[in-house]
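Listed here are the chains, written in short residue letters.
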Number of protein chains: 2
Amino acid sequence: MRSGRHFLQIPGPTNTPDRIQRAMHRAVIDHRGPEFAELGASVLKDLKAVFQTQNRVVIYPASGTGAWEAALVNVLAPGDQVLMYETGQFATLWKNMAAKLGFEPVFMQGDWRTGANAAAIGAQLASDTGHKIKAVCVVHNDTATGITSDIAAVRVAIDAAEHPALLMVDTISSLGSIDFRTDDWGVDVVVAGSQKGLMLPPGLSFNAISPKAWAACEAGGDRRSYWDWRDMAGPNDQGVFPYTPATTLLYGLREALDMLAEEGLEAVFARHARHAEATRQAVAAWGLEILATEASERSNSLTAVLMPDNKGADALRAEILDSFDMSLGTGLNKVADRVFRIGHLGDFNDLMLMGTLCGVEMGMMRAGVAHEKGGVQAAMAYLATHGA
Amino acid sequence: MRSGRHFLQIPGPTNTPDRIQRAMHRAVIDHRGPEFAELGASVLKDLKAVFQTQNRVVIYPASGTGAWEAALVNVLAPGDQVLMYETGQFATLWKNMAAKLGFEPVFMQGDWRTGANAAAIGAQLASDTGHKIKAVCVVHNDTATGITSDIAAVRVAIDAAEHPALLMVDTISSLGSIDFRTDDWGVDVVVAGSQKGLMLPPGLSFNAISPKAWAACEAGGDRRSYWDWRDMAGPNDQGVFPYTPATTLLYGLREALDMLAEEGLEAVFARHARHAEATRQAVAAWGLEILATEASERSNSLTAVLMPDNKGADALRAEILDSFDMSLGTGLNKVADRVFRIGHLGDFNDLMLMGTLCGVEMGMMRAGVAHEKGGVQAAMAYLATHGA
């Protein structure tokens, strides 16, 4: 028995708002009936605004990992090369998946502290004179490192190299939190999930598909069934799905799309930027280091903080969970136990952020982690004098 | 559209926990059927532990104000004198009600900064040699002033005066938050409500009735029907009610009683004391004054804070609501606009408290209220080094 509300400040799944919980608390309806078709058509249409695209968006009853696989198997054939960039653990996992499926990832090494290097990607593509690389895969916001890569610059690099590779981008921890422009940036396949900026529980994922990617799917791709975009099109045009959709999550998605529209995407992005900046001010005042070294690449949806002695992050997180009932994100793989991650995305506000930062500061006191006082004070000073 | 969770930090109604919301989210059942009788019997029985009594507890589908009226009309006859003590606005309202109903309140003046003076009550009773005073009414924790009165001392004073008056106590903002002992302190009638320490929405209220008060009810009282304790006894002994009960609130009450039992009353009181002390440390560091002048009388369920220049509390509250989506309690009557009240009761934890105190500190920055920095820091230092 713990009194009060748990602080779920991992970088997603995020806190599900009451409005969405209420929207989902309904009986399941016939997924081949007219009421469902109206719901299906409306969410398929309105998702486009969140993806900032005119392209078709498909919805899977699946995790984000499923939408990664869908992106790969619809456009790549066994043996196809795919260029991937190591921005952190999630880029690494997507690469591992590509290898496991029989594709040939060309994995450009990163340092887990900076984003995808567009110039390096351009050079790699320029050297691929035989155009063996069929797709470039980049994680927009790597949830393991809190690094946001410049996708527009990657598009420019691909075009400058006059390379026909598709651009496929994972926006799982950025969509609905950090500005992401599918059409302006020429992204051929977008991968997204329900459980972060969309404020839903986990269980849905998405692909947004450009005409060029669709053509690649029609012309080739791997053996596939569950993930096959071609099976989606006909039913989706009628507002329904080729197999059983996750009906209650779609009720929630309808509400989430309404909430994002009511707040306005620009305001949503500004809110996330403001909370991220307040968090960074706190980290700086604590005398701690943010994993992302480039200011322009620091994520607005989470902040990965390096421990003073490069260790003890998990003990700190355990202390914070035990003492203050708050979950923070663990350090993964190369930064295991070296970083903790503060999620500040989704349905969130100033006082929830301040409770979060107080939990970190008090946790460091309790766990004996060396730090300067004043992080919370710095964040308050920033929020009190900036916007909203 | 405001993102994130509203901070409801008025001194009640309090934040309803998810467990209670889920418990209430059920179809209404037949209030004369066997399933209901089991529910009714169980809550009537288990309420006694929260009241720390062996006495009968009755439940009204009514606000706390209704339970005030029930206490009065069941034991007083028109023209009866009732001694009441001005601890703040709620004591004043109860007195006004007594007058409106045709009883004769003897209202002992207070200064809204100290609790009921047991010695003065004893002296007043001693001078009532004809025993015209039939009841002494005291508010245990006046929600308007954040002052907790010493009820045990009032009982001692009544006994020392050898006066037969009943002791009737309002525990609306203390029950389930601050130690209150019906039997040990010889309280004849307790008045309580659902929406504070019991963590329920408003809509239920309670009387706990001593044998002596029951005898007074049997022997006399005013004309009454809805509030008549006598009509409750028979049906209650079967787990049902004389008129339609608020079924869903009783589902919630069942869950609330389980939650209080799981945490343990002692732990519940300690949690409230700890959060109240952290709040007082913050107020002291801000250089502001708490309305309650006596340390021993400072409430563990709310803190009323005086504005530096004795004005501007409502503008500050408006700024905090507008900027930070937090509701604080307004100053009432004699302290209107002079105080704001921070509720720290009910389903609450350390990080919710810190979000709350950050909202106050940032609100003072935004509203230009003179204060020292460091209130939040002081509260963090206290919480990080004390208990839980």
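Bear in mind that the values here come from a model prediction, so they are computed numbers and not experimental data. (Residues numbered from 1 in each chain as written. Chains lettered and ligands numbered in written order. Predicted model: local features only at pLDDT ≥ 70, side-chain atom pairs only at ≥ 80, totals over all residues. Heavy atoms only, no water.)

1. Some thoughts on the packing of helix H3 (residues 64–75) of chain A against helix H4 (residues 89–100) of chain A
All names here are of chain A.
And then number 1: Running from N to C, H3 and H4 point in directions that differ by 50°, and their axes come no closer than 10 Å. When the axis of H3 is compared with that of H4, the two are oblique. Here H3 and H4 pass one another in a crossing that is right-handed. Seen from H3, the contacting residues are Thr 65, Trp 68, Glu 69, Ala 71 and Leu 72; seen from H4, they are Phe 90, Leu 93, Trp 94, Met 97 and Ala 98.
And then number 2: Along the lines of polarity and charge, the residues of the contact of H3 with H4 split into eight nonpolar, one polar and one charged. (Axes fitted to C-alpha atoms, helices over the stretch in contact; angles between N-to-C directions. Helix = DSSP H or I, 4+ residues; strand = E, 2+ residues; numbered from the N terminus. Parallel < 35°, antiparallel > 145°, perpendicular 65-115°, else oblique. Left-handed = near helix turned anticlockwise from the far one by under 90°. Contact = heavy atoms within 4.5 Å. Nonpolar A, V, L, I, M, F, W, Y, C, P; charged D, E, K, R; others polar.)

2. Structural notes on the layout of surface pockets
And then number 1: In this structure, the largest pocket encloses a volume near 920 Å³.
And then number 2: Arg 5 and Asp 18 of chain A together with Arg 5, Thr 16 and Asp 18 of chain B are the residues nearest the centre of the largest pocket, which is lined by 38 residues in total.
And then number 3: If you list the elements that add at least two residues to the lining of the largest pocket, you get strand S1 (7–9) and helix H1 (18–24) of chain A together with strand S1 (7–9) and helix H1 (18–24) of chain B.
And then number 4: Its residues placed into classes, the lining of the largest pocket shows twelve nonpolar, 13 polar and 13 charged. (1 Å grid on protein atoms, 1.4 Å probe; cavity = no way out; pocket = protein on both sides within 12 Å on 5 of 7 lines; lining within 4 Å. Points joined across faces, edges and corners; volume = space filled by probe spheres on them.)

3. Digging into the relation of the copies chain A and chain B
And then number 1: The transformation that overlays chain A on chain B combines an axial shift of 0.0 Å with a rotation of 180°, and the residual RMSD is 0.0 Å. Put plainly, the chains are arranged around a two-fold axis. Among all residues of chain A, the minimum C-alpha distance to the rotation axis is found for Gly 355 of chain A, at 2.1 Å.
And then number 2: Of the residues that chain A buries at the interface, 100% are likewise interface residues in chain B, meaning the two copies contact each other through the same surface. (Least-squares fit on C-alpha atoms with pLDDT ≥ 70 in both.)

4. As for the pattern of salt bridges
In a structure, side chains of opposite charge can pair up when their charged atoms sit close to one another.
And then number 1: Here the structure, examined in full by the defined rule, presents 40 salt bridges over all chains.
And then number 2: Here Arg 224 of chain A ties to Asp 228 of chain A by a salt bridge, and the two come within 3.5 Å at their closest N and O atoms.
And then number 3: For Asp 228 of chain A, a relative accessible area of 5% corresponds to the buried category.
And then number 4: For Arg 230 of chain B, the salt bridge identified is with Asp 228 of chain B, shortest N-O distance 2.7 Å.
And then number 5: Judged by relative accessible area, which is 36%, Arg 230 of chain B ranks as partly exposed.
And then number 6: A cluster of three or more residues bridged by salt bridges with shared partners is formed by Lys 45, Asp 46, Arg 254 and Asp 258 of chain A. (Salt bridge = Lys/Arg side-chain N within 4 Å of Asp/Glu carboxyl O. Buried < 20%, exposed > 50% of the residue type's maximum accessible area, 1.4 Å probe, protein only.)

5. Let's talk about helix H7 (residues 211–219) of chain A
Residues and elements named next belong to chain A.
And then number 1: Within H7, the full set of buried residues consists of Ala 213, Trp 214 and Cys 217. Down the axis of H7, the sector holding all buried residues measures 100°, keeping them to one side. Counted as exposed and oriented over 90 degrees from the buried face of H7: Pro 211 and Ala 219.
And then number 2: In the core, the buried residues of H7 are packed alongside strand S2 (56–61), H3, strand S8 (166–170), strand S9 (189–193), strand S10 (204–209) and helix H8 (229–237).
And then number 3: Once H7 finishes, Gly 221 follows within two positions and takes phi at roughly 85°, a positive value. (Arc of directions from axis to C-beta.)

6. Structural notes on the interface of chain A and chain B
And then number 1: On the chain B side, the residues contacting the 42 residues of chain A number 42 residues.
And then number 2: Interface area for chain A against chain B, summed over the two sides, is near 3500 Å², with a carbon-plus-sulfur share of 60%.
And then number 3: In terms of surface lost to chain B, no three residues of chain A exceed Met 1, Arg 5 and Leu 351 of chain A, which account for 22% of the buried area on that side.
And then number 4: At the junction of chain A and chain B, the tally comes to two salt bridges.
And then number 5: A salt bridge links Arg 5 of chain B to Asp 18 of chain A, with the nearest nitrogen and oxygen atoms 2.8 Å apart. (Buried area = accessible area lost by both parts, 1.4 Å probe.)

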